[in-house]
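Chain residues, written in single-letter form:
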Amino acid sequence: MSTLEIRDLRVSVETKEGLKPILNGVDLTIGSGETHAIMGPNGSGKSTLAYSLAGHPKYKVTGGTVTLDGVDVLAMKVDERARAGLFLAMQYPVEVPGVSVSNFLRTAKTAIDGQAPPLRGWVKEIRGAMDALRMDPEFQERSVNEGFSGGEKKRHEILQMELLKPKFAILDETDSGLDVDALRIVSEGVNRVKSTTDVGVLLITHYTRILRYITPDFVHVFVDGHVAEEGGPELADRLEDEGYDRFLAAAQA
Amino acid sequence: MTTETGELSKGSLSTDHSRAIADQAHSHGVGPSPESSRASRPRSFVADDFPLPIGREEEWRFTPVDRLARVLADEPADGHLAWGIPNLPAGVTISEVTPDDAIRRTVQAPGDRASAVALKRAGGAMALTIAPSTVLDEPLTIRLTGAGEDARGHVLIEVGADSEAVVVIEHDGVATYSELVSVSVGDNAGLNLVLLQLWDAGTVHVGEVVARLGRDARLRGTVVTLGGDVVRLNTAATFADEGASVDLHGLYFADAGQHLEHQLFIDHNAPRCRSRVTYKGALQGQGAHTVWVGDVLIRAIAEGTNTYEQNRNLVLTDGARADSVPNLEIETGLIEGAGHASATGRFDDEQLFYLSSRGIPEIEARRLVVRGFFVDLVHAIGVPEIEARLLGLIEAELSKSMSEFREGASIPVAIA
């Protein structure tokens, strides 16, 4: 049982005009096996939260704490956070020309586990996970994210989540830009990892659609860089009916 | 991280560098403007026809000519590199050639003073001759090793009609060396030529490869320049007849203080020939400097030409400089295609973030990216044992240079 604890997190982003505050005191506690949906309008700071947790250098933490089982995450470098058990499925995965998917996956798995995976079992594991995500085996020979369609990129992100088995996975708008079939495949992948591991999931989304496939235990509404309202799955239903207007009006008042 | 200069549509008569300049993607240098046509630059077997360069000349403007005094001086050099010659298969000979004969068998006259002096002072040539209709199954590797000497060299590679061969010329050790390599590819012959510059520190190497392709001939030339203090290796290719195809690939990796320069000139002087040029370089460390100049001339007679050249540079640290100058001159509108691209980018921190976020340590992530940058060129060689060896050499180069990071050198963080 692990706990990811975010306390009064304040983050600014570097812009040409200087540091611009985006997160204004985020409080969130996620336990193993839990699924938390973070919902909010564009510009509310959802992705900033995701990238800050992963340690992207563009985002400067100006206050607050993030701990994983009591250990200071913010003091860790990006790769150390991943090895500690954090995983970020990115909204816009980065192309790495000339690095094959198979080489990338093996290198990442070796880094996370601290040792190379046993060859035979690893090949089988990749094949199984790719099959389940309806990915062609030849996909392994392609360069990471290069020339991938939107759906392929997202499936590749979830493939990594399945193989790397993080303690906590942050899914940053994994549903954006996916058609219904791709959304179902990706969601099934997430649910498979949830059912076979004790992963805690932070599901960041603009839309409620993915919540039909992945049931959250908690829903947090994110507005203006902090959690404005929290509830159970029923809060998502309400957002689907009402949209974010209620929160935006409150924020502007 | 890349910007492309425009691909020229059929029949266009000028090159478009506007985007590249706007993006500062590649330098067009400073100094005098180029001559009216690349064709007007002199070629001569007579060293005195080329005045001693001072560094302002178009072909020398990126070169530290003060470091090349020995190879530019028209003086005797008494050293010789040690030639490591393999057992030669049937149809292949290596022989010494007298100076007069060497000039007669050289396919193009030298294009600059260093090259002309090398020819004059080499005292004849070594000729690797592959008889017509010889198909070699194995690569032929010749190793030229320096032990600190001052040497001039003249090499003839002559591939007879209908032959197929892979020839590897490897330079290593330490030397002050200038060299003219003449490559003749006979009608319908195929030559895969790999030139490895694996010099130790302290080496100055100035060379020129001049090539001529017969009718329907195929030349794949790969230049790999990793070692040496100053290496300047120019290539000039031309066509004896129509239907030939030339692929020139280059891979270079400059560390602190190294100057690695490659200038190319493809003279499309025959109809329906094809050329592709792809050079890629990585730079790292204070004073690392690379130069790539790619000139392509499509003469009026060269109808049906298809050409594309590109240069990519990956700048890994501050303090390194990549100059990249593509030039395309077109004298006929009746071509199949002509284009060029040049891009110089910094190491992409988003790639680093992506890989790191999967637990991969920074040093390993950089290695993956740099290896990935070069891997297509390595595989293009098409000879597995050479590819494997080359990947090993790049790996060694990476470990050497990556140790700078391990020692805590500051890495600039540029945010996209």
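Just above sits the structure.
This structure is a prediction, so every number in the text was calculated from the model and none was measured. (Residues numbered from 1 in each chain as written. Chains lettered and ligands numbered in written order. Predicted model: local features only at pLDDT ≥ 70, side-chain atom pairs only at ≥ 80, totals over all residues.)

1. Describing the overall build of chain B
Definition in use: Runs of E in the DSSP output that reach at least two residues are strands. Runs of H or I that reach at least four are helices, and both are numbered from the N terminus. Residue pairs qualify as contacts under a 7 Å threshold applied to their C-beta atoms, which are placed from the backbone.
Scanning chain B for helices and strands turns up seven helices and 17 strands. Considering only residue pairs separated by 6 or more positions, chain B has 85% of its internal contacts joining residues 24 or more positions apart.

2. Quick word on the overall build of chain A
Our working rule: Radius of gyration: over C-alpha atoms. The globule rule applied is 2.2 Å multiplied by the number of residues raised to the 0.38 power.
Scanning chain A for helices and strands turns up eight helices and 12 strands. Against the compact-globule benchmark of 18 Å for 253 residues, chain A has a radius of gyration of 18 Å, which places it among compact chains. The C-alpha extent of chain A, read off along each of the three principal axes, is 60 × 40 × 40 Å. Long-range contacts, defined as pairs at least 24 residues apart, comprise 74% of the intrachain contacts of chain A with a sequence gap of at least 6.

3. A closer look at the pairing of strand β12 (residues 259-268) of chain B
Every regular strand shows the same layout, with side chains that alternate between the two sheet faces. Note the threshold: Exposure is read from a count of other C-beta atoms within 10 Å of each residue's own; the residue is exposed at 12 or fewer, buried at 20 or more and partly exposed in between. C-beta atoms are placed from the backbone.
With 10 of 10 residues buried, β12 of chain B lies mostly within the body of the structure. Covered by surrounding structure in β12 of chain B are H259, E261, Q263, F265 and D267 of chain B together with L260, H262, L264, I266 and H268 of chain B, the residues of both alternating faces.

4. Thoughts on the sheet that holds strand β11 (residues 218-223) of chain A
All names here are of chain A. Convention followed: When DSSP finds two or more bridges between two strands, those strands count as paired. Structural elements are reduced to axes, namely lines fitted to C-alpha atoms, with helices fitted over the stretch in contact, and the angle between N-to-C directions of any two is expressed from 0 to 180 degrees.
Read across the sheet, six strands follow the order β6-β9-β10-β3-β11-β12 without closing on themselves; strand pairing throughout is mixed. Of all strands in the sheet, those bounded by a partner on one side alone are β6 (86-89) and β12 (226-231). The sheet shows a mean angle of 20° between the axes of neighbouring strands, direction not considered. Pairing of strand β9 (residues 168-172) with strand β10 (residues 200-205), which is carried by five bridges, proceeds in the parallel orientation. Residue F168 lies in a different strand from β10, and its bridge partner there is G200. Helix-sheet contacts for helix α1 (residues 46-54) involve β3 (35-39), β6, β9, β10 and β11, and the interaxial angle to β9 is about 145°.

5. Section: the sheet that holds strand β4 (residues 59-68) of chain A
Taken together, the four strands give an open sheet; going across it, the order is β2-β1-β4-β5 (chain A), and neighbouring strands pair in antiparallel fashion. Unpaired on one side and paired on the other, β2 (18-31) and β5 (71-72) of chain A mark the two borders of the sheet.

6. Here we look at the pairing of strand β4 (residues 125-130) of chain B
Residues and elements named next belong to chain B. Where strand β3 (residues 92-97) meets β4, six bridges bridge the pair, whose relative direction is antiparallel. Across the sheet, the residue bridging to E96 is M126, located in β4. Pairing analysis gives five bridges linking β4 to strand β5 (residues 140-159), with the strands arranged parallel. For L128, the partnering residue across the bridge sits in β5 and is I157.

7. A look at helix α6 (residues 180-196) of chain A
Residues and elements named next belong to chain A. Operational definition: Multiplying one less than the number of residues by 1.5 Å gives the expected span of a helix. When we speak of the arc, we mean the arc of directions from the helix axis to the C-beta atoms.
Here α6 spans 24 Å end to end across 17 residues, near enough to the 24 Å set by a 1.5 Å rise per residue. Looking at α6, one finds that the buried residues are L183, V186, S187, G189, V190 and V193. For α6, the angular spread of the buried residues around the axis is 150°, confining them to a single face. What points out from α6, more than 90 degrees from its buried face, is the exposed set V180, D181, S195 and T196. Residues of α6 that are buried sit in contact with α4 (119-132), α5 (150-164), β9 and β10.

8. Comments concerning the packing of helix α3 (residues 101-113) of chain A against α5 of chain A
Residue and element names in this part refer to chain A. Here is the rule: For any pair of crossing helices, the crossing counts as left-handed if the nearer helix is rotated counterclockwise from the farther one by less than a right angle, and right-handed if it is rotated clockwise.
Here α3 crosses α5 at 35°, and the two axes come no closer than 10 Å. For the pair α3 and α5, the sense of crossing is right-handed. Packed against α3, whose contacting residues are L105, A108, K109 and I112, the element α5 presents Q160, L163 and L164 at the interface.

9. Description of the environment of K280 of chain B
All names here are of chain B. Turning to its location among the elements, K280 is positioned in strand β13 (residues 274-283). Between the alpha carbons of K280 and V315 there is a distance of 11 Å; along the sequence they are 35 residues apart. Sequence-distant contacts of K280, defined by excluding residues within four places in its chain, comprise L251, R312, F373, F374 and L377.

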